[in-house]
Number of protein chains: 4
Amino acid sequence: MLLTVPSPTICRELPSASTVGIGVIGYGYWGPNLLRNFMKTAGAEVVGVSDLDPARLLNAKKLAPGIRETTDFKDLLSDLRVDAVAIATPVHTHFDIAMAALRSGKHVLVEKPLAQTSAQARQLVDEAARRGRVLMVDHTFIYTPAVQKIRDLIRERVVGDVYYYNSTRASLGLFQPDVNVIWDLAVHDMSIIQHILTNGPIAVSATGVSHVAGSPENMAHVALFFSDSCIAHISVNWLSPIKIRQILIGGSSKMIMYDDLEATEKIKVYDKGVVTLSGSEKDVHQLKVGYRAGDMWAPHLPAKEALESEAEHFVDCIRRGDAPMSNGTTGLQVVQILEAASKSIAAQGAPISLHRS
Amino acid sequence: MLLTVPSPTICRELPSASTVGIGVIGYGYWGPNLLRNFMKTAGAEVVGVSDLDPARLLNAKKLAPGIRETTDFKDLLSDLRVDAVAIATPVHTHFDIAMAALRSGKHVLVEKPLAQTSAQARQLVDEAARRGRVLMVDHTFIYTPAVQKIRDLIRERVVGDVYYYNSTRASLGLFQPDVNVIWDLAVHDMSIIQHILTNGPIAVSATGVSHVAGSPENMAHVALFFSDSCIAHISVNWLSPIKIRQILIGGSSKMIMYDDLEATEKIKVYDKGVVTLSGSEKDVHQLKVGYRAGDMWAPHLPAKEALESEAEHFVDCIRRGDAPMSNGTTGLQVVQILEAASKSIAAQGAPISLHRS
Amino acid sequence: MLLTVPSPTICRELPSASTVGIGVIGYGYWGPNLLRNFMKTAGAEVVGVSDLDPARLLNAKKLAPGIRETTDFKDLLSDLRVDAVAIATPVHTHFDIAMAALRSGKHVLVEKPLAQTSAQARQLVDEAARRGRVLMVDHTFIYTPAVQKIRDLIRERVVGDVYYYNSTRASLGLFQPDVNVIWDLAVHDMSIIQHILTNGPIAVSATGVSHVAGSPENMAHVALFFSDSCIAHISVNWLSPIKIRQILIGGSSKMIMYDDLEATEKIKVYDKGVVTLSGSEKDVHQLKVGYRAGDMWAPHLPAKEALESEAEHFVDCIRRGDAPMSNGTTGLQVVQILEAASKSIAAQGAPISLHRS
Amino acid sequence: MLLTVPSPTICRELPSASTVGIGVIGYGYWGPNLLRNFMKTAGAEVVGVSDLDPARLLNAKKLAPGIRETTDFKDLLSDLRVDAVAIATPVHTHFDIAMAALRSGKHVLVEKPLAQTSAQARQLVDEAARRGRVLMVDHTFIYTPAVQKIRDLIRERVVGDVYYYNSTRASLGLFQPDVNVIWDLAVHDMSIIQHILTNGPIAVSATGVSHVAGSPENMAHVALFFSDSCIAHISVNWLSPIKIRQILIGGSSKMIMYDDLEATEKIKVYDKGVVTLSGSEKDVHQLKVGYRAGDMWAPHLPAKEALESEAEHFVDCIRRGDAPMSNGTTGLQVVQILEAASKSIAAQGAPISLHRS
C-alpha cells in the first residue's frame with residue numbers, strides 16, 4: 001500500500017521536545033471528543049477551538065477555560081501557536097478547510113470520510129506531500145483494541161484464510177443531511193477491512209434507498225469482491241428500532257464475532273468450521289460437508305479509548321515525520337470505494353470495478 | 001395474486017366426510033416431521049412411506065408401525081388408498097416425483113422450493129390445474145403464528161407504510177449438495193414477503209460466493225426492489241459460528257423485530273421512527289430529521305406448530321377444493337425470484353428484472 | 001410513614017428567588033457526579049469543594065475553575081455563601097461531617113447510607129428537625145425514571161398484589177474497606193422497596209461471607225419479611241465475573257423485570273401469572289394451578305439522569321421548606337434494616353425482628 | 001462419602017451378557033423420557049409400563065407397541081422378565097413403590113427426590129443393601145456434560161478454592177401439589193453441589209413463601225454453609241415471568257457461569273478475580289483490593305442427553321454390581337438437606353445444623 005511518506009528532512013521542523021499546538025475546528029457531535037482527548041495527550045496542547053455557533057464555543061470554554069475561541073476557523077490557521085488542526089465539521093466542508101489548513105502549513109487530522117469526492121481527497125494527499133505535512137484521517141475503529149486484536153489474529157494466521165467479513169451497523173439516526181448512510185457508517189468497515197486484510201477489494205455492488213423525501217439514502221447494503229473467494233458485506237441502517245454493531249468474520253481455521261456494544265467480551269473467537277468429506281467434487285448431488293465445533297474464546301482487551309490512542313499517534317507522527325496508519329492515501333482509497341458504492345446504488349447493484357492507481 | 005383455483009366440480013371427488021389417505025415420499029431430514037404431523041391431523045390417515053434407504057424406513061416403522069413401507073415411491077402412487085402425497089426429497093427430484101404423482105391423480109404437497117427451475121414449476125402448476133388437483137408448497141413460515149401476526153399488523157395498517165424487510169439467516173450448515181444457500185434459506189423470506197406484503201418485487205440484485213470447492217454458494221445477500229421505496233434484503237449464510245434467525249421490518253408507524261430463536265417474545269413491536277422537521281427539502285445541508293421513541297410491545301403468540309397447521313390446511317383444501325395459501329402459483333413466483341437471484345449472483349449483483357406473467 | 005417535616009417558618013430563611021450555595025465535601029468516586037449535576041441545577045451555585053487529597057481538588061478545578069477548593073471541609077462550613085453541603089465521603093465519616101454541617105446551619109445531602117449506625121442516623125434526624133434544616137439521603141435509585149414508573153404501576157394497581165421483590169446486584173468490585181456489601185449495594189434495594197411498597201418489612205434474615213481475609217462480607221443474601229405473603233430477596237456480590245443489575249417483581253396481575261444494564265427497555269411488564277383451578281384446597285395431592293400468558297410491554301422511559309432530578313429536588317426542598325422523598329427518616333429506616341441484616345448474618349440467617357418506632 | 005456398595009457376590013445374579021428387563025412405573029411428565037431412553041440403551045429391554053391413567057398408557061403404546069401395559073404397578077413387580085424398575089410417580093408415592101420393588105427383588109431407579117422424608121430414604125437404602133440391589137436416584141444434572149466439565153475444572157484445581165455456588169432456577173410453573181419448590185428445583189443444585197464439591201454443607205438457612213392459598217411454597221431461597229468460607233445459595237421460583245437456569249461459581253483462580261438455557265456455550269470460564277493489595281489487615285479503612293481481568297473461555301461440550309448416559313449407567317451398575325454415582329446414600333443426603341431447609345423456612349431462616357451420619 002502506497003503511503004504518503006513525506007520527506008523527513010522537510011517535516012522535521014519541530015524539535016522532538018517541543019509541544020504540538022492543536023486547533024480544533026468544529027465543535028458539534030465529535031469535536032468535544034477531540035478536545036477532551038487532545039487535552040490529555042502528552043506532547044500536545046490545545047490552543048483554540050472554532051465553531052460557527054457561539055453557544056457551542058461556550059461549552060468548549062467550560063471544558064477548557066484557557067483556550068482561544070473563534071467563530072472563524074481562519075483565526076486558528078493564522079495563529080502561530082497552532083501546529084496542527086483537527087477538523088470535525090460537516091463532510092461537504094472537509095476539503096476547503098483541510099486544504100486551507102495545509103496551505104497554512106498546518107498538519108491536518110480530518111474526520112472521516114476524508115472528503116466528498118476522490119478528486120478532492122487526491123488533491124489533499126498531493127498538497128500534504130508537497131508541503132511535508134502529516135495528513136491523517138480519523139478512521140477511529142482501527143485504533144480500537146478490538147480491531148487491533150482481530151488484525152493480529154488474521155496476520156498471525158490464527159483465523160486461516162479469511163472467507164468473509166460481514167458487518168451490520170443499525171440504529172435510529174443520526175441522519176446526515178449531506179452524505180448518505182454508507183459515507184457515515186459503512187466508511188468504518190471499509191477502513192477496518194483495509195487495516196486487517198492484506199488485499200483490497202476489486203469491485204463493489206451496493207443497493208440502497210431513502211425513506212425520507214429529500215434525504216440521502218438511509219439504508220444500504222454493500223458487497224465488496226476480492227480477487228479470491230473472500231467477500232465482504234456491509235449492512236447499514238439509520239432507521240432501525242434497535243442498535244446493532246456486529247461484525248462476523250469467517251475463516252478456514254477460526255471465526256470471529258465482534259460485537260462493539262458488548263461492555264466486555266467484545267470479541268469471541270470460535271473454533272468452528274467445515275471440512276469437505278467427499279473427494280469427488282464432480283458428483284454434485286453427493287458432496288458431503290462435515291462440521292467442526294470446538295471451544296469459544298474471548299480474549300481480554302485493554303480498556304483504552306480509541307480516540308486517545310489516535311490523538312497520541314497523530315502527535316507522534318508529527319514529531320517523528322511518520323505517515324499515520326490512517327493517512328491521506330488510505331483515506332483516499334476509502335473514498336474511492338464509497339464513490340464506487342454510490343455509483344452501484346444508482347445502478348441498482350450493478351457491480352463497479354475498483355481500478356487502483 | 002393469481003391462484004391455481006381448480007374447478008370445484010372436478011376436484012370434489014372426495015365426500016367431505018371421508019378420510020384423506022396420505023403417502024410420505026422421502027424420509028430424511030424433513031420427512032419425519034411430515035409423518036408425525038399428518039399422523040395427528042384429523043381427517044387424514046398416513047397410508048405409507050417411501051425412501052431409498054431401508055434403514056430410514058425402519059425408523060418410520062417405529063413411529064408408525066401399521067403403515068406401508070417401500071423403497072419405490074411409485075408403489076405409493078399406484079396405491080388406491082393414497083389420495084395425496086407429501087414430497088420431502090432432494091430438490092432436483094421434486095419435479096419428476098411431483099409430476100408423476102399429479103399424473104397418478106394424487107394431490108401434492110412439495111417441500112420448498114417447488115422445483116429447480118421456473119419452467120418445471122410452471123409445468124407442475126399447469127398439470128395440477130388440468131387435473132383439478134391441489135398443488136401445495138411447503139412454505140412453512142407463513143403458517144407460523146409469528147408471521148400470521150406480522151401479516152395482520154401490516155394489513156391492519158399498524159405498521160404503516162412498509163419501508164423495509166431485512167432478514168438474516170445464519171448457522172453452521174446444513175450444506176446442500178444440489179442447491180445453493182438462497183434456494184435453501186432465502187426461499188423462506190421470499191415466501192414470507194409474498195405473504196405479508198401486497199405487492200411483489202420488480203427486480204433483484206444478489207451477490208454470493210462458495211467457500212468449499214465444488215459446492216454451490218454457501219453465503220449470499222439478496223436485495224429485492226419494489227415499485228415504491230420499499231426494499232427487502234436477505235442475508236443467508238451456511239458458514240456462521242452462531243445461529244441467527246432475525247427479521248427486522250421498518251414501517252412509517254411501527255417497526256417489528258422477529259427473532260425466531262427466542263423461546264417467547266418472538267415478535268417485538270417498536271413505536272419508533274423519524275419525523276421530518278424541515279419543510280424545505282431543497283437545502284440539502286440543512287435537512288433535519290427528528291426521532292420518535294415510544295413503547296415496545298411483544299404480543300403473546302399461540303404455541304401451535306406451523307407444520308401442524310399446514311397439514312390441516314392441506315387436508316382442508318383437498319376436501320373443500322380450495323387453493324392453499326402456499327399453492328403452485330405462489331411456489332412458482334418464489335422460484336422465479338430464486339432464479340433471478342442466481343442470475344444476479346453470476347453477474348456480481350447486476351440487477352435482474354422480474355417480469356410477472 | 002413519618003417524615004422529618006421541619007417547621008416551615010423556621011426553614012424559610014431563603015427568599016425563593018435567591019440562589020442556594022452548595023459545598024461538595026469529598027471528591028472521590030461520587031463527588032464529581034454531585035459537582036457536575038449541581039453545576040447545572042437551576043437555583044443552585046456550587047461555592048466550593050473539599051477533599052483530603054489535593055490531586056483530586058485539581059481535577060475539580062478543571063471542571064469548575066471558579067470555585068473554592070480546600071482540604072478541610074470545615075472551611076466550607078464556615079463559608080457564609082454555602083447554604084447546603086453534599087457529602088460524599090467514606091461511610092464511617094458521614095456522621096461527624098453531617099452533624100458538624102447541621103450544627104453550622106447548613107442543609108445536608110448525605111451519600112447513602114445515611115450513617116454507620118441507626119443511633120447516629122437518629123441523632124442526625126433529630127438535629128435537622130431541631131434546627132429546621134433539610135436532611136436528605138442520596139438514595140439515587142428512587143429518582144430514576146425506571147423506579148418512578150414501577151412505583152406508578154404498583155400504586156395504580158396495575159401489578160395487583162405484590163407477591164415478591166427479587167433483586168440481584170453483582171459485579172467484580174468495588175470492595176469497600178469500611179462497610180460490607182449489603183451497606184454498599186443492598187441499600188439501593190431497601191430504599192427502592194421503601195419507595196414503591198406501602199408497607200415496610202417486619203423482619204429480616206440474611207447470610208453472607210467474606211472471601212478476602214480482613215475484609216467485610218463481599219457476598220450476601222437478604223430476605224425481608226412483610227406482614228402479608230409478600231417477600232423481598234436481595235442478592236449482592238462484589239466477586240462476580242459478570243455484572244448484573246436485575247430486579248424481578250411478581251404481582252397477582254402483572255410481573256415486572258427491571259434490568260438496569262439495558263440501554264433501552266429497562267422495564268418489561270409481563271401479563272403472566274397463575275390461577276388456582278381447584279376449589280378444594282384440602283386435597284393436597286390434587287391442587288391444580290393454571291398458567292396465564294399474555295403480552296409483554298416495555299414502557300418508554302424518559303432519559304433524565306437520576307442525580308440531576310435529585311439535585312433539583314434537594315434545592316426545591318430547601319427553598320420550599322419541604323421534606324425530601326429520601327429524607328432523614330427514610331434514611332434512618334434503611335439503616336435500621338441494614339443493621340438488622342448484619343445481625344442476622346452474624347447469626348447465620350436467624351431472623352431479626354424490625355421494631356418500628 | 002459413604003456409598004451403598006452392595007456385596008458383589010450377592011448382586012451378580014445376571015451374567016453380564018444377559019439383557020436387563022426394565023419396567024417403567026408412572027407415565028406422566030417424566031415417564032416418556034425414561035421410556036424413550038431405556039428403549040435405546042444397549043443391554044436393556046423395556047418390558048412394560050404402568051400408570052393409573054389408561055389414556056397415558058395409550059401414548060406409551062404408540063411409542064413402544066410391543067410392551068406390556070398395566071394400570072397396576074404390581075403387575076410389573078411380579079413379572080419375571082422385569083429385572084429393574086424406573087419410578088416416575090408423584091413424590092409422596094416414591095417410598096411405597098420403591099420399597100415394594102426392592103422387596104420383589106428388583107433394582108430401582110427413582111425420580112428425585114428419593115423420598116418425602118429422610119427416614120423413608122434411609123429405609124430404602126437399608127433395604128437395597130440387605131437385598132444386594134442397585135438403588136439409584138434420578139439426579140439428572142450430574143449426568144450432563146456441563147456438570148461433568150465443571151466437576152473436572154474444580155477437581156483439577158483450575159477453579160482454585162471454591163468461594164461460592166450461586167444458583168437461580170425460575171420459571172412460570174410447574175406447581176407441584178405435594179412438594180414445595182425446593183423439593184422440586186433446589187434438589188438439582190443439592191445433587192450438583194454434592195457431585196462437584198469434596199465437602200458437604202454443615203448447616204442451612206432458608207426462607208420461602210406460598211402465594212397460592214393451600215399450595216406449598218412456590219418461591220424460596222436456600223443458603224448452605226460449609227466448614228470453610230465457601231457458601232452456596234439457591235434461589236428457586238415457580239412464579240417468574242421469565243425462565244432462568246443459571247449457576248455462578250466463584251473460585252480463587254477462575255469463575256464459571258453455567259447457563260443451561262444457552263443452546264451452545266453453556267459454560268463460560270472467566271479468568272477474573274481479586275488480589276489483596278494491602279498487607280496490613282488491621283487498618284479496616286485502608287484495605288485495598290485489586291481486580292484481575294483476563295480471557296473468557298467456553299469449552300466445547302458433547303451433545304449427549306443426560307438421561308441417555310444415566311440409563312446406560314443404571315444398566316451398567318446392575319450388570320457390574322456397582323454403586324451408581326447417584327445412589328441411595330447420596331439421595332438420602334440430599335433429602336436430609338431438603339428436610340433441614342424446610343425446617344429453616346418454617347423458622348424464617350433460622351439456621352439448621354446438618355448432622356452427618
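Coordinates for the structure precede this section.
My aim in this report is to walk through the structure given alongside it, one point at a time.

Procedures and definitions
Residues take numbers from 1 onward in each chain, read along the sequence in its written order. Working convention: letters from A go to chains and numbers from 1 go to ligands, in the order in which they are written. The predicted origin of the model limits local features to residues at a pLDDT of at least 70 and limits the giving and counting of side-chain atom pairs to 80 or more, whereas totals for whole chains, interfaces and linings rest on all residues. To get the side-chain values, take all heavy atoms of the structure and skip hydrogens and water. Each helix corresponds to a stretch of at least 4 residues labelled H or I by DSSP, and each strand to a stretch of at least 2 residues labelled E; elements are numbered beginning at the N terminus. We take the radius of gyration over the C-alpha atoms and set the globule estimate at 2.2 Å times the residue count to the 0.38 power. Residue contacts are counted whenever heavy atoms from the two residues lie within 4.5 Å of one another. Only the protein chains shown count as cover for residues, with accessible areas throughout obtained via the Shrake-Rupley method and a probe of 1.4 Å. Positive charge is attributed to Lys and Arg, negative charge to Asp and Glu, and no charge count is given to His or to the chain ends. For charged residues, the charge sits on one atom: NZ in Lys, CZ in Arg, CG in Asp, CD in Glu. One speaks of a salt bridge when a side-chain nitrogen belonging to Lys or Arg is within 4 Å of a carboxyl oxygen belonging to Asp or Glu. When a residue's accessible area, from a 1.4 Å probe over protein chains only, is under 20% of the maximum for its type it is buried; when over 50% it is exposed; and in between it is partly exposed. By nonpolar core is meant a set of buried Ala, Val, Leu, Ile, Met, Phe, Trp, Tyr and Cys residues that side-chain atoms within 4.5 Å join together. Strands pair, by our definition, only if DSSP identifies at least two bridges between them. Angles run from 0 to 180 degrees between N-to-C directions of axes, and those axes are lines fitted to C-alpha atoms, restricted for helices to the stretch in contact. Least-squares superposition of the copies uses the C-alpha atoms of those residues scoring a pLDDT of at least 70 in each of them. Any helix carries an expected span of 1.5 Å times its number of residues minus one. Exposure above 30% relative accessible area and no salt bridge define the residues that can form patches, which grow by joining like charges within 9 Å and nonpolar side chains of Val, Leu, Ile, Met, Phe, Trp and Tyr within 5 Å.

1. Topic: the overall build of chain A
At step 1: Summing up its helical and strand segments, chain A has 10 helices and 15 strands in all.
At step 2: Against the globule reference of 21 Å for 357 residues, chain A gives a C-alpha radius of gyration of 22 Å, in line with a compact fold.
At step 3: If you take every contact in chain A between residues at least 6 apart in sequence, the share linking residues at least 24 apart comes to 69%.
At step 4: Carbon and sulfur atoms make up 52% of the accessible area of chain A, which totals about 13,500 Å².
At step 5: Averaging the locations of the 35 positively and 37 negatively charged side chains of chain A gives two centres separated by 2 Å.

2. Some thoughts on the pattern of salt bridges
At step 1: One pass over the structure, following the stated rule, counts 57 salt bridges over all chains.
At step 2: The shortest N-O distance in the salt bridge between Arg130 of chain D and Glu127 of chain D comes to 2.7 Å. Here the residue Arg130 of chain D and the residue Glu127 of chain D both occupy positions in helix H6 (residues 118-131), the gap between them amounting to three residues, near one helical turn.
At step 3: A relative accessible area of 5% places Glu127 of chain D in the buried class.
At step 4: Taken together, the salt bridges that share partners define one network made up of Arg68, Asp79 and Arg81 of chain A.

3. Concerning the nonpolar core
At step 1: One finds Ile182 and Leu224 of chain B together with Ile182 and Leu224 of chain C to be the most contacted residues of the largest nonpolar core, which totals 190 residues.
At step 2: Once residues within four sequence positions are removed from consideration, Ile182 of chain C is found in contact with Val187, Ala220, Val222, Val236, Leu338, Ala341, Ser342 and Ile345 of chain C.
At step 3: Of all hydrophobic cores here, the second largest spans 187 residues; its members include Met99 and Ala186 of chain A together with Ala115 and Ala206 of chain D.

4. Here's the deal with the sheet that holds strand S5 (residues 107-111) of chain B
Residue and element names in this part refer to chain B.
At step 1: With parallel pairing, six strands are arranged side by side in an open sheet as S3-S2-S1-S4-S5-S6. The strands lining the two open edges of the sheet, one partner per strand, are strand S3 (68-70) and strand S6 (135-138). Strand-to-strand, the axes of this sheet are offset by a mean angle of 20°, without reference to chain direction.
At step 2: For strand S4 (residues 84-87) and S5, the ladder comprises four bridges, and the chain directions are parallel. The residue bridging Ile87 from the neighbouring strand is Val110, located in S5.
At step 3: In the packing of helix H5 (residues 94-103) onto the sheet, the strands contacted are strand S1 (20-25), S4 and S5, and the crossing angle to S5 comes to about 170°.

5. Points about unusual backbone geometry
At step 1: A cis amide bond, omega -10°, links Lys112 of chain A with the succeeding residue Pro113 of chain A.
At step 2: Its location among the elements puts Pro113 of chain A in the loop between strand S5 (107-111) and helix H6 (118-131).
At step 3: Here the amide bond leading from Gly173 of chain C into Leu174 of chain C is cis, since omega sits at -15°, within 30 degrees of zero.
At step 4: Tracing the backbone shows Leu174 of chain C in the loop between strand S7 (162-172) and helix H8 (181-196).

6. Some thoughts on the relation of the copies chain A and chain B
At step 1: Taken as rigid bodies, chain A and chain B are interconverted by a rotation of 180° and an axial shift of 0.0 Å, the fit giving an RMSD of 0.0 Å. The relationship between the two copies is best expressed as a two-fold rotation axis. Closest approach to the rotation axis among the C-alpha atoms of chain A is made by Ala350 of chain A, whose C-alpha sits 1.9 Å away.
At step 2: Mapped onto chain B, 100% of the interface residues of chain A again fall at the interface, so both copies present the same surface.

7. Side note on H6 of chain A
Residue and element names in this part refer to chain A.
At step 1: Taking 1.5 Å per residue, 14 residues should reach 20 Å; H6 reaches 20 Å between its end C-alpha atoms and fits that length.
At step 2: If you check which residues of H6 are buried, you get Ser118, Ala121, Leu124, Val125, Glu127 and Ala128.
At step 3: For H6, the secondary structure elements touched by its buried residues are helix H5 (94-103), strand S6 (135-138) and helix H10 (328-346).
At step 4: A positive phi of about 65° marks Gly132, the residue just after H6.

8. A look at a nonpolar patch on the surface
At step 1: Side chains of Tyr29 and Leu174 of chain A together with Tyr291 of chain B sit close together on the surface and give an oily, nonpolar patch of about 340 Å² of accessible area.
At step 2: By the secondary structure assignment, Tyr29 of chain A is in the loop between strand S1 (20-25) and helix H2 (31-39).

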